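In case you want the letters, here they are:
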Amino acid sequence: MSRKGFMPGCSLPSYSPIGIEKTVKYLKSHYPELSGIQKCCGKPTKALGQVDKFEERFGSLLADIKACEVDEMIVACQSCMNVLKDSEEFKTTSLWALMPKLGLPKEVIGKAKNSDVVFSIHDSCSVRGMSDIHDGIRWILNELGYKTMEPEKTRETTRCCGFGGMIVPVNQELAEKVMKRRVSDFPTEHVVTYCAACRQSITLGDGKAWHILDLIWGDVVMKGSEPPEDTLSSPVKAWVNRYKSKGAIKKAING
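Residues numbered from 1 in each chain as written. Predicted model: local features only at pLDDT ≥ 70, side-chain atom pairs only at ≥ 80, totals over all residues. Heavy atoms only, no water.

(A) Spotlight on the overall build of the protein. Of the regular secondary structure elements, the protein holds 12 helices and eight strands. Computed over the C-alpha atoms, the radius of gyration of the protein is 17 Å, within 12% of the 18 Å expected from 2.2 N^0.38 for a compact globule of 255 residues. A principal-axis box enclosing the C-alpha atoms of the protein has dimensions of 45 × 45 × 35 Å. Counting every position in the protein, which comprises 255 residues, the buried fraction comes to 51%. Considering only contacts in the protein between residues 6 or more positions apart, those separated by 24 or more positions represent 71%. Put simply, the protein shows about 12,200 Å² of open surface, and 51% of that area lies on carbon and sulfur atoms. Distance from the positive charge centre (36 side chains) to the negative charge centre (31 side chains) of the protein: 2 Å. (Helix = DSSP H or I, 4+ residues; strand = E, 2+ residues; numbered from the N terminus. Rg over C-alpha atoms; globule rule 2.2 N^0.38 Å. Buried < 20%, exposed > 50% of the residue type's maximum accessible area, 1.4 Å probe, protein only. Contact = heavy atoms within 4.5 Å. Areas by Shrake-Rupley, 256 points an atom, 1.4 Å probe, with all protein chains shown as cover. Lys, Arg positive; Asp, Glu negative; His and termini not counted. Charge placed at Lys NZ, Arg CZ, Asp CG, Glu CD.)

(B) Fine view of the sheet that holds strand S2 (residues 35-36). Read across the sheet, four strands follow the order S2-S1-S3-S4 without closing on themselves; strand pairing throughout is parallel. One side of each edge strand has no neighbouring strand; the edge strands of this open sheet are S2 and strand S4 (91-94). Bridge count for strand S1 (residues 4-7) against strand S3 (residues 72-75) is four bridges, and the pairing is parallel. From the neighbouring strand, Met7 faces S3, where its bridge partner is Val75. (Pairing = 2+ DSSP bridges.)

(C) Geometry of the packing of aromatic side chains. Taken as a whole and judged by the stated rule, the model has four aromatic pairs. Ring centres of Phe119 and Trp210 lie 5.8 Å apart, and the angle between their planes is 80 degrees; on these two criteria the pair is classed as edge-to-face. With Phe119 in strand S5 (residues 118-121) and Trp210 in strand S8 (residues 208-211), the pair connects residues that are 91 residues apart, well separated along the chain. The exposure classification of Phe119 matches that of Trp210, with both residues buried. Taken together, the ring pairs connect Phe119, Tyr146 and Trp210 into an aromatic cluster. (Phe/Tyr/Trp six-rings, centres within 6.5 Å; stacked < 30°, edge-to-face > 60°.)

(D) Seen up close, the packing of helix H2 (residues 17-30) against helix H6 (residues 95-102). The interhelical angle for the contact between H2 and H6, taken along N-to-C directions, is 50 degrees, at an axis separation of 12 Å. Comparing their axes, H6 and H2 come out oblique. Here H2 and H6 pass one another in a crossing that is left-handed. Counting all contacts with H2, which are made through Thr23, Tyr26, Leu27 and His30, the residues of H6 involved are Leu95, Leu98, Met99 and Leu102. Residue composition of the contact of H2 with H6, by class: six nonpolar, two polar and no charged. (Axes fitted to C-alpha atoms, helices over the stretch in contact; angles between N-to-C directions. Parallel < 35°, antiparallel > 145°, perpendicular 65-115°, else oblique. Left-handed = near helix turned anticlockwise from the far one by under 90°. Nonpolar A, V, L, I, M, F, W, Y, C, P; charged D, E, K, R; others polar.)

(E) Representation of helix H7 (residues 131-144) within the structure. Taking 1.5 Å as the rise per residue, H7 with 14 residues should run 20 Å; its terminal C-alpha atoms sit 20 Å apart, in good agreement. Among the residues of H7, those classed as buried are Ile133, His134, Gly136, Ile137, Arg138, Ile140, Leu141 and Leu144. Buried residues in H7 make contact with S4, H6, S5, strand S6 (147-149), strand S7 (190-193) and helix H11 (212-217). In the stretch just after H7, Gly145 is the one whose phi turns positive, near 105 degrees. (Expected span 1.5 Å × (residues − 1).)

Below, the structure is given as structure tokens:
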């Protein structure tokens, strides 16, 4: 039997320690020998062309994965998915493609059937070609009971949220234009993403966005509900959340 590992990425732990904790507990219930790793895959340095730094960070991550004797990494971050899947030393699986196979906990199935919200779905541009992830997200939303609508640019034709290619630190003005353009694509006021950075982009583009973990583990969203706080825009709050997430992973893994 293969040993599973879970890696949430960088943005998601900075956004939702509670979402991380509940997700790890959910995976642990299916995989008792689950390992958890909270570490950067190095994608930002790769995007900036800093090859030496990328190889150093990715190499450090691989060493940790080997130390955990993991055969299959389950990832919640699309950038991590793209970086890790190129490794021939272990299998990489998206959390969003895995959940339909495992099934959602009984207590959350159908919980949003009476919600008056219609969610527009934003697909991450980094996984345009991964239909199993697109299908998984829609399966989750249907199981929860939420009504959804697709923007014109969706799935394999989805548009960048405004964070792609490290554009924010390089050209913030252009990034803001891309963010607002993407928000204008959505046919409904409420948006669901499966990337914490995408959620922040939509928020900065004056949209109302929730991460799918908010919908799975949080309260049912109604038209009067306010989106979660944009903690990623505060370095202090983001690092505090990452610290909390790291502790939550350890606690959930060790029992």
